[in-house]
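Structure at a glance
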Amino acid sequence: EVKISSQVHLIGDPGDATPGPGPDAPTIGGCPVGITYCSGIEFLAPANGTTIEGFIVRDHDRNIGVNEIGGFGIFSKNQFNVPVTDITINDNLFIDNRWEAIMFFSDGSLPSLYFDNVKALHNRVENTAESTTAWVGIECTNCRNSLIQGNIIEGKVEKGIWIASEGTGTNVNFTNGMGVVVTGNTVNGAVTAAIEVESFDTNGGSAAPFLTGVTISGNTLNRTSAIVGTQSDHLIFIHRDHFSLTDPSKITDITISNNQMDHSYGAFSAIYATVADQLTITCNAITTTAHLWQHGAAILLYNNGGDNLISENHINILNIGTTSTAGIALAYTSAVPGNSENFIISRNTITSASPMGSAGIHLTPG
């Protein structure tokens, strides 16, 4: 285990232009005998300006007992009362780190507890699983002006990439996400979501954290075989964690564009957003199946607010005749004030191998 207390540039073998390290990459691996929890690399101080590149980080265990302690490839938790800035994780290979491969996280209990300009670039993640439990490839909670680019995440993983704003009751309306870009990544076979965007309130509503200004563009997201479990959820999932119709936390200004999405083995919508405003969903190519639950649509927006654009998406439904699937669905419930308003849906192409049996664009009460 490597512990970092000040700025450092750790160089193994960064390799070539492909994601992951070169053939001579050194390995940081395994917990000592009798230790149930360890991480490959752990930050003990902000260590602003640190770069880690060209390593194999593997086999950090997780105890999935009552306390759910666990192993990380890289563990960076901002608990230092100042922002953490300018950390780059580049060209590494993460194998069987059994909670998360790369974690940037703070609980948002103070205004200073965020990350700025952190980067996860051109890494490979293979499995984040302990037994039947899988977790996260790359997490960026309470990040600003940050970049997750060119990574490959596959195998046993629950969430491929997780972007969140978390707050507590002592730090109300904590806002993060501004300027976070997720681009050029490949995620294969994630169980819950290839990319998840979430407003996460540990107090169940009193903190009301805001997540705004995230761009998800140019990624390749696949659920094309039963790699793990049922793969029953989404490719892109936008939501609030402690969901209630009156929860004041917000998700706004999310752009989803130019992604290649193959959802052939999914059971729910490829893109699902709930209780969010100012969504721009454009120029995505989505292949999906007819066997979809939750209002049966490749793109499902549920109880979303104003100023949303869904345009120039290409949706191909592999309709095999047993279930009706729409291309785009707007669903709502009257319990949410101001929901499902100001949508522009234009120039989308929706095709099916056989008659859909459902509308290409469907508006339904929740």
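Just above, that's the structure.
Computed from a predicted structure; not experimentally measured. (Residues numbered from 1 in each chain as written. Predicted model: local features only at pLDDT ≥ 70, side-chain atom pairs only at ≥ 80, totals over all residues. Heavy atoms only, no water.)

1. Side note on the sheet that holds strand β18 (residues 143–144)
- The sheet built from three strands is open, its strands ordered β8-β12-β18 with parallel pairing. Either end of the sheet is taken by a strand with one partner, and the two such strands are β8 (84–85) and β18.
- Relative to β18, strand β12 (residues 115–116) runs parallel, the two sharing two bridges. Looking at β18, one finds that Asp116 is bridged to Arg144. (Pairing = 2+ DSSP bridges. Helix = DSSP H or I, 4+ residues; strand = E, 2+ residues; numbered from the N terminus.)

2. Some details on the sheet that holds strand β39 (residues 349–352)
- With parallel pairing, the eleven strands of this open sheet are ordered in space as β3-β6-β10-β14-β20-β24-β27-β30-β33-β36-β39. The open sheet is flanked by β3 (27–29) and β39, the only strands paired with a single partner. Going from strand to strand, the sheet's axes swing by 10° on average, the running direction of each strand aside.
- Where strand β24 (residues 186–188) and strand β27 (residues 220–222) come together, three bridges link them in parallel fashion. Bridged to Asn188 within β27 is Asn222. (Axes fitted to C-alpha atoms, helices over the stretch in contact; angles between N-to-C directions.)

3. Things to note about the packing of aromatic side chains
- The full count for this structure, using the stated rule, is five aromatic pairs.
- For the pair Trp135 and Trp162, a centre-to-centre distance of 5.8 Å together with 80° between the ring planes defines the contact as edge-to-face. Of this pair, Trp135 sits in the loop between β16 (133–134) and β17 (136–141) while Trp162 is found in strand β21 (residues 159–167), placing the two residues 27 residues apart along the sequence.
- According to the relative accessible area criterion, Trp162 is buried, its value standing at 9%.
- Three or more aromatic residues joined by ring pairs form one cluster here, namely Phe72, Phe75 and Trp99.
- Seen from the ring of Tyr114, Arg144 lies directly overhead, with NZ or CZ sitting 3.6 Å from the centre.
- It is Lys159 that lies over the ring of Trp162; its NZ or CZ is 3.7 Å from the centre. (Phe/Tyr/Trp six-rings, centres within 6.5 Å; stacked < 30°, edge-to-face > 60°. Buried < 20%, exposed > 50% of the residue type's maximum accessible area, 1.4 Å probe, protein only. Lys NZ or Arg CZ within 6 Å of the ring centre and 35° of its normal.)

4. A few points about the state of the cysteines
- For the coordinates displayed, the defined rule picks out one disulfide.
- Through a disulfide, Cys140 is tied to Cys143; the S-S separation comes to 2.0 Å. Its S-S torsion of about -100° marks the bond between Cys140 and Cys143 as left-handed, since a negative value means left-handed. Taken individually, Cys140 and Cys143 each receive the classification buried, so the pair is uniform in this respect. (Disulfide = S-S within 2.5 Å.)

5. Here we look at the side chain of Glu100
- Take Glu100: it is sitting in strand β11 (residues 100–105).
- Of note is the side chain of Glu100, whose polar atom sits 3.1 Å from the side chain of Trp135.
- For Glu100, the contacting residues outside a window of four places in its chain are Gly71, Phe72, Gly73, Thr128, Trp135, Val136, Glu139 and Trp162. (Polar contact = N/O pair within 3.5 Å; in protein donor to acceptor, adjacent residues only side chain to side chain. Contact = heavy atoms within 4.5 Å.)

6. Here we look at the nonpolar core
- Counting 62 residues, the largest nonpolar core has Phe104, Ile236, Ile238 and Ile299 as its most contacted members.
- Core analysis: the second largest hydrophobic core is formed by nine residues, Ala193, Ala297, Tyr302 and Ala326 among them. (Core = buried A, V, L, I, M, F, W, Y, C linked by side-chain atoms within 4.5 Å.)

7. Observations concerning the environment of Ala17
- Note that Ala17 resides in the loop between β2 (9–11) and β3.
- Considered as a pair, Ala17 and His122 are 105 residues apart in the sequence and their alpha carbons are 8.3 Å apart.

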